[in-house]
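# Breakdown of the fold
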Amino acid sequence: MSPAVSTCSQEEELAVFGEGRLPGRACPMGNGTSRLYGAIAKTLNGSAAPQHPECLVPPDSEQLDPIDPKELLEECRAVLHTRPPRFQRDFVDLRTDSTSSHPPIRVMQWNILAQALGEGKDNFVQCPVEALKWEERKCLILEEILAYQPDILCLQEVDHYFDTFQPLLGRLGYQGTFFPKPWSPCLDVEHNNGPDGCALFSLQNRFKLVNSTNIRLTAMTLKTNQVAIAQTLQCKETGRLFCIAVTHLKARTGWERFRSAQGCDLLQNLQNITQGAKIPLIVCGDFNAEPTEEVYKHFASSSLNLNSAYKVLSADGQSEPPYTTWKIRTSGECRHTLDYIWYSKHALNVQSALGLLTEEQIGPNRLPSFNYPSDHLSLVCDFSFSEDQGQLV
């Protein structure tokens, strides 16, 4: 059965924040935005992180004043005033009824493209160098996050956690966790900002953090350079527990067996954390694997009873999107489906999912671009608990 017609537009999502940005026009900066600008300017101009373990100690977020997301969005748009407006993406509504008394849990999955890799290693031959400037690309990333207002945010390739995302998202009410790769390729780039890794953010007013586990993935009993974060959260409205995990598996062709082993290790860890699937689970990640790969099949057939959320957008409900990343490197054009949001199909329902960018929107030079800050598309889903599940696990 085909999904229902979209009922949630980008304009509706942004209504709370006012009008979208217009090319060539800066947003007015009132007192609130001017007050905010000092903190944002610090993140724009922050120096590179020192290459020592102490750089991984988070700042004291208790000393940071809360900020209004509307003010932050306006400030981002002021920085981006010479760039084209955001792309239109619509939510596809999949609800069979609207009787739920609790708001859904919105989850966002996104490989945001590490700044050091975008500028120094990834060789996006059709992307202008100016489009990759951190001062503006950072604001494009924040604008995308603010547009969809996720309750839970799962990010990969984060190399500006402590100087940008942790302080700003912390002031928006998120609690954050960061786990860097042990041997991040970002460290090979001159003037890098420290290692990249996975980051997980959740709104403190909606969720209580029960447990958090950093996982260094293994393959063939060997510790690898890939990591995951798994957290058990309690939903404050319903009292229900669930586990949210984020990961980023090994990239490149020829590493399929390696990714498969990493996936098996992650599944085993999640089996333990969820007490054998008693606790509902959501797993977000850049798996660097097409649906034909073994690691995908492991997740699809796992005893954790998982389903891939974005299959709901297909006509038969069984197919993944045609792409979640689309770029042009020196080696040629790459169009792949690599990013997924897995969920416990016995305990959770997908209420809506954000549609993908079309080929026309992406454009002939592909991603990243002046319009879009990453070579991967963000995935956003709204989840609700199945009514037949108990109140507490």
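Quick note: structure is the one above.
Residues numbered from 1 in each chain as written. Predicted model: local features only at pLDDT ≥ 70, side-chain atom pairs only at ≥ 80, totals over all residues. Heavy atoms only, no water.

Ile152, Ile244 and Phe383 are the most contacted members of the largest nonpolar core, which totals 74 residues. At nine residues, helix 5 (residues 134-148) tops the list of elements feeding residues into this core. Other than its neighbours up to four places away in sequence, Ile244 contacts Val107, Ile152, Cys154, Leu200, Ile229, Ala230, Gln231, Leu233, Ile282 and Cys284. Of all hydrophobic cores here, the second largest spans 25 residues; its members include Ala230, Ala277, Phe287 and Tyr296. (Core = buried A, V, L, I, M, F, W, Y, C linked by side-chain atoms within 4.5 Å. Buried < 20%, exposed > 50% of the residue type's maximum accessible area, 1.4 Å probe, protein only. Helix = DSSP H or I, 4+ residues; strand = E, 2+ residues; numbered from the N terminus. Contact = heavy atoms within 4.5 Å.)

Okay, helix 7 (residues 256-273) next. Its 18 residues give helix 7 an end-to-end C-alpha distance of 26 Å, which sits within 8% of 26 Å, the value for a rise of 1.5 Å per residue. If you check which residues of helix 7 are buried, you get Phe258, Arg259, Ser260, Ala261, Gln262, Gly263, Asp265, Leu266, Leu267, Leu270 and Ile273. Looking at the packing, one finds that the buried side of helix 7 touches strand 6 (207-219), strand 7 (222-235), strand 8 (241-248), strand 9 (281-286), helix 8 (294-300) and strand 10 (306-308). After helix 7 finishes, the residue Gln275 shows a positive phi value of roughly 55°. (Expected span 1.5 Å × (residues − 1).)

Interhelical geometry of helix 3 (residues 69-79) versus helix 5 gives an angle of 145° and a closest axis separation of 9 Å. As for the relative orientation of helix 3 and helix 5, their crossing is left-handed in sense. Contacts from Pro69, Leu72, Leu73, Cys76, Arg77 and Val79 of helix 3 reach helix 5 at Glu135, Glu136, Cys139, Leu142, Glu143 and Leu146. Split by residue class, the contact of helix 3 with helix 5 holds eight nonpolar, no polar and four charged. (Axes fitted to C-alpha atoms, helices over the stretch in contact; angles between N-to-C directions. Left-handed = near helix turned anticlockwise from the far one by under 90°. Nonpolar A, V, L, I, M, F, W, Y, C, P; charged D, E, K, R; others polar.)

Turning our attention to the sheet that holds strand 7. Spatially, six strands are ordered 6-7-8-9-13-10 in an open sheet, and the strand pairing comes out mixed. With partners counted over all chains shown, the strands left at the sheet margins are strand 6 and strand 10, one partner each. If you compare each strand with its neighbour and ignore which way they point, the axes differ by 20° on average. In the sheet, strand 6 pairs with strand 7 via eleven bridges, with the strands oriented antiparallel. Directly across from Thr213, in strand 7, lies its bridge partner Ala230. Docked against the sheet, helix 7 engages strand 6, strand 7, strand 8, strand 9 and strand 10, running at close to 145° with respect to strand 6. (Pairing = 2+ DSSP bridges.)

Structural measurements only, silent on function.
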